[in-house]
Amino acid sequence: MTIELIMDLPASGKTTVCLQKIRQIKSDDPLASVQVLVPDSLQLQAFQKRLASPSGSWGIRVNTFAQFARSILEKALSGKIIINPSLNRQIVCEAIRHIQAKGKLNYYCNVWNTAGFSKVVTKAFSDFEKNCISADQMKSIVQTQQEIEINLIFEEYQIFLSDHGWVSPSGVIQAAAEIIKKKPDHLDPFRLLIIDGFDNFDQDQLWLIRNLEPITDEIYLTLPGSLQAEEKERLVNRRFSRSLEQIQKVLNIQIAENTVKSAIHLPDILRYIVENIFKQQPVKWIETNPSDEKSLILLEAGTQEDEVREVLRQMKSWIIRDAIPIASCAIFAPQLEKYAPALRRISEEMQIPLNFGRKVSLIESPVVITLFSLLRLQPEGLKTNNLMNCLRFPYISSGLTPEQVNWLDFISRQLSITGGSEQWEEAWNILQKEDATEKVDDEDGNQFLDYSCFPDSAELLLLKNGLQAFLDNITPPQGNQQIPVWIAWLKGVCEKIQLRSHIRQEEESDYFALTACFEELIIEDRMVPRQNIDYNDFLSALTETITASERSNPTQQFANSIFTGEITWARGIRFQAAAFLGFGESIFPSAVAEDVIIKKEFQDLLQIPVSADNDQSGLLIQILSRADEKLLISRPCITDAGDEWEESLYWNAIRQIVPENTVQRIRSSTKRPLSEAASEDEKEYWAVLQRKRDEYADDDNNQDMLEASQRDPMLEGLLSSGACDSCVNLPEQFRSQQIFSSSQLENGLYCPFRYFISNILFLEPIKEPAFELDTKQLGSLLHRILQLTFEKAENLTDKTFLLEQLEKACNCTFPKAPIIYQFRPSGLWIFQQNQLKKQLMQTIEKLSEISEGWLMVAAESAFGIRGKPFLKIDIEGISLNFRGIIDRIDRNRNGNLRIIDYKIGGTHFSADDVFSGRRVQLFLYALAAADALKIGRIEEGFYWAILSAKASSLKLSGFMDPQEMDRTATFRALIMEKIKQFYQILEVGEFPANPIDGKCPSYCSAATWCALFQREDRP
Ligand code: SF4
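What you see is a predicted model, and the numbers here were worked out from it, not measured in a lab.

Engineer: How do you make sense of the overall build of the chain when you look at a structure like this?
Structural biologist: For the chain, the helix and strand inventory stands at 41 helices and 24 strands. Sorting the 1019 residues of the chain into buried and exposed places 53% on the buried side. Here the contacts in the chain between residues at least 6 apart in sequence split such that 76% fall between residues at least 24 apart. If you sum the accessible surface of the chain, you get close to 46,400 Å²; carbon and sulfur atoms cover 49% of it.

Engineer: Hey, could you run me through the sheet that holds strand S14 (residues 627-636) in this one?
Structural biologist: Strand pairing in a sheet relies on backbone hydrogen bonds. The paired strands run either parallel or antiparallel. With parallel pairing, the seven strands of this open sheet are ordered in space as S11-S12-S10-S13-S14-S9-S15. If you trace the sheet from one side to the other, it starts and ends with strand S11 (354-355) and strand S15 (663-665), each paired once.

Engineer: I keep staring at unusual backbone geometry and nothing clicks. Help me out?
Structural biologist: The bulk of non-glycine residues show a negative phi, and the bulk of peptide bonds are trans. Cis geometry marks the peptide bond from Phe 588 to Pro 589; its omega dihedral reads 5 degrees. Among the structural elements, Pro 589 can be located in the loop between strand S13 (575-580) and helix H25 (600-606). Its identity as a non-glycine residue notwithstanding, Phe 278 has a phi of 55 degrees, on the positive side. Position of Phe 278 relative to the elements: it lies in the loop between helix H12 (268-276) and strand S9 (296-301). Given a relative accessible area of 25%, Phe 278 falls into the partly exposed group. In the Ramachandran plot, Lys 934 falls in the positive-phi region, its phi being about 50 degrees despite a non-glycine side chain.

Engineer: Is there a simple way to think about the nonpolar core in this case?
Structural biologist: Side chains of nonpolar character tend, in soluble globular proteins, to be buried together. Core analysis: the biggest nonpolar cluster contains 79 residues, and Ile 195, Phe 201, Leu 208, Ile 273, Phe 332, Phe 583 and Ile 654 have the highest contact counts within it. At seven residues, the largest contribution of residues to this core is made by helix H8 (residues 172-182). In this structure, this core is formed jointly by two domains, domain 1 (2-79 + 184-264) and domain 3 (273-359 + 560-665), each of which donates at least three residues. In this view, Leu 208 contacts Phe 65, Phe 68, Ile 72, Ile 173, Ala 176, Ala 177 and Ile 180; residues no more than four positions away in its chain are not counted. Judged by nonpolar contacts, the second largest core, of 58 residues, contains Phe 734, Ile 875, Ile 878 and Ala 993.

Engineer: So what exactly am I meant to see when it comes to the packing of helix H15 (residues 366-377) against helix H23 (residues 535-548) here?
Structural biologist: When two helices pack together, you describe them by how their axes are tilted relative to each other and by the distance separating the axes. One way to put it is that H15 packs onto H23 with a least axis distance of 12 Å and a crossing angle of 170 degrees. Overall, the two elements H15 and H23 adopt an arrangement that is roughly antiparallel. Residue-level contacts link Val 368, Phe 372, Leu 375 and Arg 376 of H15 to Tyr 535, Leu 539, Leu 542, Thr 543 and Ile 546 of H23. When the residues that make up the contact of H15 with H23 are grouped by side-chain class, the tally is seven nonpolar, one polar and one charged.

Engineer: Can you help me understand the pairing of strand S1 (residues 3-8) in this one?
Structural biologist: In terms of burial, S1 is largely enclosed, as six of its six residues are buried. In S1, alternate side chains face the same way, and those of Ile 3, Leu 5 and Met 7 on one face and Glu 4, Ile 6 and Asp 8 on the other are all buried. The sheet contact formed by S1 and strand S8 (residues 253-255) spans three bridges and is parallel. Looking across to S8, one finds that Leu 5 is bridged to Ile 255.

Engineer: Help me understand the side chain of Glu 149 in this model?
Structural biologist: As for its placement among the helices and strands, Glu 149 is situated in helix H7 (residues 145-164). Despite its burial, Glu 149 pairs with no opposite charge; the closest candidate is Lys 104, at 11 Å N-O. Look past the residues within four positions of Glu 149 in its chain and what remains in contact with it is Lys 104, Leu 105, Asn 106, Tyr 107 and Tyr 108.

Engineer: Explain the pattern of salt bridges to me, please; I cannot follow it from the model alone.
Structural biologist: All told, the structure shown has 43 salt bridges when counted by the stated rule. The closest approach of N and O atoms between Glu 746 and Arg 919, which form a salt bridge, is 3.9 Å. Within this pair, whereas Glu 746 is found in helix H33 (residues 742-750), its partner Arg 919 is found in the loop between helix H39 (911-916) and helix H40 (921-932), the two being separated by 173 residues in sequence. By relative accessible area, which is 13% here, Glu 746 ends up buried. Take Arg 919: its relative accessible area is 21%, and that puts it in the partly exposed class. Across the pair Asp 931 and Arg 972 runs a salt bridge, and its minimum N-O distance is 2.6 Å. With Asp 931 in helix H40 and Arg 972 in helix H41 (residues 968-988), this pair connects stretches of sequence that are 41 residues apart. Connected through shared salt-bridge partners, Arg 309, Glu 310, Arg 313, Glu 349, Arg 672 and Glu 682 make up one network.

Engineer: Is there a simple way to explain the packing of helix H13 (residues 304-321) against helix H14 (residues 336-349) in this structure?
Structural biologist: Contact pair H13 / H14: the axes reach a minimum separation of 9 Å and the direction vectors enclose 45 degrees. With respect to H14, the axis of H13 lies oblique. In the crossing of H13 with H14, the sense of the turn from one axis to the other is right-handed. Packed against H13, whose contacting residues are Gln 304, Glu 305, Glu 307, Val 308, Arg 309 and Leu 312, the element H14 presents Tyr 339, Ala 342, Leu 343, Arg 345, Ile 346, Ser 347 and Glu 349 at the interface. Here the residues of the contact of H13 with H14 sort into six nonpolar, two polar and five charged.

Engineer: Hey, could you run me through the pairing of S14 in this one?
Structural biologist: Strand residues, when the strand is regular, have side chains that alternate between the two faces of the sheet. Counting buried residues in S14 gives eight out of 10 residues, a clear majority hidden from the surface. Here S9 pairs with S14 via six bridges, running parallel. Along S14, the bridge assignment pairs Leu 296 with Leu 631. Judged from the five bridges that link them, S13 and S14 form a sheet pairing that is parallel. Note on S14: the bridge partner recorded for Ala 577 is Lys 630.

Engineer: Quick question: what am I supposed to make of the packing of aromatic side chains here?
Structural biologist: The description of an aromatic ring pair uses the distance of the two centres, along with the angle that the planes make with each other. Taken as a whole and assessed by the stated rule, the structure comprises 40 aromatic pairs. On the basis of an interplanar angle of 40 degrees and a centroid distance of 4.7 Å, the ring pair of Tyr 108 and Phe 117 is categorised as tilted. Ring centres of Trp 486 and Phe 538 lie 5.3 Å apart, and the angle between their planes is 10 degrees; this geometry places the pair in the stacked category. Here Phe 538 lies in helix H23 and Trp 486 lies in helix H20 (residues 483-496), a separation of 52 residues in the sequence. Its relative accessible area of 0% is what places Trp 486 among the buried residues. Through pairs of rings, three or more aromatic residues link up here, namely Phe 740, Phe 753, Tyr 755, Phe 756, Phe 882, Phe 982 and Phe 991. Over the ring of Phe 790 we find Arg 888; its NZ or CZ atom is 4.4 Å from the centre of that ring.

Engineer: What's the story with the environment of Ile 900 in this structure? I'm lost.
Structural biologist: Here Ile 900 lies in strand S21 (residues 897-903). Spatially, the C-alpha atom of Ile 900 lies 6.3 Å from that of Ile 889, the residues being 11 residues apart in sequence. Filtering out sequence-adjacent residues up to four positions away, Ile 900 remains in contact with Leu 847, Asp 887, Arg 888, Asp 890, Phe 942 and Trp 944.

Rules of the game
Residues numbered from 1 in each chain as written. Predicted model: local features only at pLDDT ≥ 70, side-chain atom pairs only at ≥ 80, totals over all residues. Heavy atoms only, no water. Helix = DSSP H or I, 4+ residues; strand = E, 2+ residues; numbered from the N terminus. Buried < 20%, exposed > 50% of the residue type's maximum accessible area, 1.4 Å probe, protein only. Contact = heavy atoms within 4.5 Å. Areas by Shrake-Rupley, 256 points an atom, 1.4 Å probe, with all protein chains shown as cover. Pairing = 2+ DSSP bridges. Core = buried A, V, L, I, M, F, W, Y, C linked by side-chain atoms within 4.5 Å. Domains from an automatic or database assignment. Axes fitted to C-alpha atoms, helices over the stretch in contact; angles between N-to-C directions. Parallel < 35°, antiparallel > 145°, perpendicular 65-115°, else oblique. Nonpolar A, V, L, I, M, F, W, Y, C, P; charged D, E, K, R; others polar. Lys, Arg positive; Asp, Glu negative; His and termini not counted. Salt bridge = Lys/Arg side-chain N within 4 Å of Asp/Glu carboxyl O. Left-handed = near helix turned anticlockwise from the far one by under 90°. Phe/Tyr/Trp six-rings, centres within 6.5 Å; stacked < 30°, edge-to-face > 60°. Lys NZ or Arg CZ within 6 Å of the ring centre and 35° of its normal.

Printed below as a string of structure tokens:
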């Protein structure tokens, strides 16, 4: 008999025709046996839902191929045991070991015992089995050493399975097909067989269909695509055309007559895209019916996080405003595991229940993720970030209080602990010897390692012991062990960290599934005994078993939630509203990596068809036809690093043919009505951002926030004016009691909002512990060496003496530098010391050359700290006090002074920098030397670039009248004007985000909190 093929574009009613056929047969013969085969459990549920009718669905079975094949094996009493994926992987490992032991692995001799190799080999064997390729057949085809070795392992694997009477998970369909072929009477005949929802078939599936033909009266098979010559070659249909060729090689098919009329049941705009995308000459949309453009939204958001937020907001709007039932909505994303955390978090904030699709692997359970994070801590070098995350996991008891964990985090940042027990040991030693450690200040006079910030020694001891006890609990036994020994140890870990008692009720099933995996691993070990294995191999085996187990999902969750899944799951199922994320370059379509085992030539030899994952254009057309009413397609525009994220090929193809107003461009700073906010948090954020305090206040729900703001002047400022243009009513005491530094002055003059964030709110980005010196540490280190070099210098031009002093200063400073300046030296530190010494030698020589006639009178001269007088500036009856450390002050024969301010970076400063307020430190210091330290008249001053050994072209003398007796007078007017400008900012209390020249420096310390930060020039 022949098989009837129903082939047409997606959403053209193919499934409806199948359903009509079933109903027709059932109305003629209610006892008729009908079998429906669908690709996966999602389509199974969808088909069953559509099948449900008042007449019932008695005698109609809907299965996936795997379920159907299993039932055939069971019915046939074949005696075959279907093994689970974890045991299957173990058998692959065993086969690899055997071949290696026979000395037959040359090509793979260096990787044969790695977890990665067994994983890719298992995947390759699965592909061989699905394509009904046996080791014997392969033997006559293989050519290269690599192929020969794979063939040997495959042969060993198949012998192992056959000797034990086992069937691998991927071999089930082929085994069922063989049983039916040999004994067709094992199954009762079918009146009708429907194969629906597939866009391609594996060879074993086609074999099974072919072997079912003799016992089935009618077979209908649906396939998306087109039989028209012109349509067949359209990019989105090519995959389906190839599938048809594949089917025709195995099955005897004919085109079903008068079944589908190509009436695509979609809103006009979606139907238009389905019919025109990737067409050489698409019809212009303007010529078609523009009645329902709102059925499609193309959304360009900022980062991927912004994208998730906007998609969820749109979904919420459709559910609430357009009354689309929540269970008829779906969200799909490529690389779902990357989108899932943001989807979970933001959906919780917006109170939108998501149902993460079909059963997911147990390995994705938060309970399991927690446990594995702990287990991998030590093998991965006890990285500080991972350690802190583990100590804060809610699923365990670390034995430390949250405050103690915060202290450990603080210590790790202060002492640059990047990871490893040795670094922690070193840190405890440093903190215990605080009195013996030299104390140094930065150029604003703040102490580098301020010991008063750390807990006292008793608390430090508690922290040290607590951390050690936690690490002891999770430290694995040394060497190789048997699986039961590893499992016993692991159970002990779970008890010590009290995993069971911290698990939420709804996640208890995950815990039980996890403990079942422990037992499964022991049973598998009895079936295929392993040698003693080390900790890493144990973790790989455990991962394998857990990955193969599924999480159970409470069914009631499904009814009132948005279905959320991987983009490839969207095939064959339909929703009223659907959103597809990730149409950015390299996300969807994703780059396809070549299979490391079945390379292109090998694949051609074996005649294995191109995998569905490698042909994503067929998926695109399915995506475009998944929504009956509303379709949202989104893409991120900005990477996490702030760079532009290009649109994908598919996004571009859609955008090219749809009306321009279909594309919405939204950024997190886009101003929108508060009524559009999808959560209270978002509403509050928008109110702040858009200065809509009144509108926000009108809503009674927001009173708590407003009351809180009245108690807190900073919050008051934020709410009244927006986070980017802050207004704070600073008390007068703030101006008179505060001791300002030159950095604060420059911050305020450069951009008031930067000052507000850094110097009023004291917000600073959290610094991750890292190797090497940062700019601040390097600057302080070099300042200190120059101070020591010059402190005994009586003749600033005596290079020999100065270079000797430099040598001594380096010798005494470099060894202690990592402890004093809190950085973690890398292997390059020795090399870096030599390099710095060379640069310092050059600086000494160049400074000597311009010091004829000058004597140094002070180095690292403080004002406003260390008991030295402040620089007091009186403005409108209020004194502003300043502090700082002047790097070097020289005096000439006339008794006049010059100020030198060391910088490690460039010193390409101009007079404009001073007039604009960008660079005023030198002027402030000159004023302090004259007025606060009262050590003489200022004649000169400049910035000195230490690493390039150059003086700045910007010089104090350029702002002075050489005829003046007191040459301080001219520059005094300029710096006083700048201080007055700074004072006015504080007095008015307005801190607009308004950088000089509209340019934000890439290193702006407030950038993290500033919505207006742009890496390039602001418009
Ligand atoms: S990022 Fe730009 S606007 Fe924002 S605080 Fe910094 S300098 Fe000012």
